[in-house]
Amino acid sequence: MDFSLNENQAFLKDGAERFFRERYDFDSRRKRLAAQSGTDRAMWSQFAEMGWLGIMVPEEQGGLGWTTIDAAVILGECGKVLVSEPFLEGASWPSAC
């Protein structure tokens, strides 16, 4: 079984890795967790602007219509920096589950 990423997935992984490296350092994460909500609305908005929250939403519903594997690529990068925002819950779509 081949577990290598396709070209789009590799591009997605690189972009997510760069995004988190530049914007999600440990100190900023600590501040988010200390806040009452535990999340950052501005960060959540950036996830949406990048299309991540619509990654598994069908195109006819305004999403990207990509696969759970594509979402897992982003989720893996979220895990590396311990993202506190609910990416998986926001990116899930009933028909994709």
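Quantities reported herein were computed from a predicted structural model and do not represent experimental measurements. (Residues numbered from 1 in each chain as written. Predicted model: local features only at pLDDT ≥ 70, side-chain atom pairs only at ≥ 80, totals over all residues. Heavy atoms only, no water.)

Draft legend 1. Summary view of the packing of aromatic side chains. Per the counting criterion, the structure on display carries eight aromatic pairs. With a centroid separation of 5.3 Å and 75° between ring planes, the pair formed by Phe19 and Phe20 is classed as edge-to-face. Each ring, one from Phe20 and one from Phe47, has its centre 6.0 Å from the other, and the planes form 90°; the classification is edge-to-face. Of the two residues, Phe20 sits in helix H1 (residues 7-23) while Phe47 sits in helix H3 (residues 41-49), which places them 27 residues apart along the sequence. Its relative accessible area of 0% is what places Phe47 among the buried residues. An aromatic cluster of three or more residues is present, and its members are Phe19, Phe20, Tyr24, Trp44, Phe47 and Trp52. (Phe/Tyr/Trp six-rings, centres within 6.5 Å; stacked < 30°, edge-to-face > 60°. Helix = DSSP H or I, 4+ residues; strand = E, 2+ residues; numbered from the N terminus. Buried < 20%, exposed > 50% of the residue type's maximum accessible area, 1.4 Å probe, protein only.)

Draft legend 2. Main features of the pattern of salt bridges. Per the counting criterion, the structure on display carries three salt bridges. The salt bridge partner of Lys13 is Glu77, with a shortest N-O separation of 3.3 Å. Taken together, the positions of Lys13 in helix H1 and Glu77 in helix H4 (residues 68-80) put the pair 64 residues apart, joining distant regions of the chain. With relative accessibility at 24%, the residue Lys13 sits in the partly exposed group. Each of the salt bridges in this network shares a partner with another, and the network as a whole consists of Lys13, Glu77 and Lys80. (Salt bridge = Lys/Arg side-chain N within 4 Å of Asp/Glu carboxyl O.)

Draft legend 3. Seen up close, H1. Taking 1.5 Å of rise per residue, the 17 residues of H1 would be expected to cover 24 Å, and the 24 Å separating its terminal C-alpha atoms lies within 8% of that figure. Within H1, burial applies to Gln9, Leu12, Gly15, Ala16, Phe19 and Phe20. Down the axis, H1 shows its buried residues gathered within 130° of arc, on one side only. The exposed residues of H1 that point more than 90 degrees off its buried face are Glu7, Phe11, Arg21 and Glu22. (Expected span 1.5 Å × (residues − 1). Arc of directions from axis to C-beta.)

Draft legend 4. Expanded view of the packing of H1 against H3. For the pair H1 and H3, the least separation of the axes is 13 Å and the interaxial angle reads 160°. Our classification of the angle between H1 and H3 gives roughly antiparallel. Here the hand of the crossing between H1 and H3 comes out right-handed. Of the residues in H3, those touching H1 at Phe19, Phe20 and Arg23 are Met43, Gln46 and Phe47. In the contact of H1 with H3, the residues fall into four nonpolar, one polar and one charged. (Axes fitted to C-alpha atoms, helices over the stretch in contact; angles between N-to-C directions. Parallel < 35°, antiparallel > 145°, perpendicular 65-115°, else oblique. Left-handed = near helix turned anticlockwise from the far one by under 90°. Contact = heavy atoms within 4.5 Å. Nonpolar A, V, L, I, M, F, W, Y, C, P; charged D, E, K, R; others polar.)

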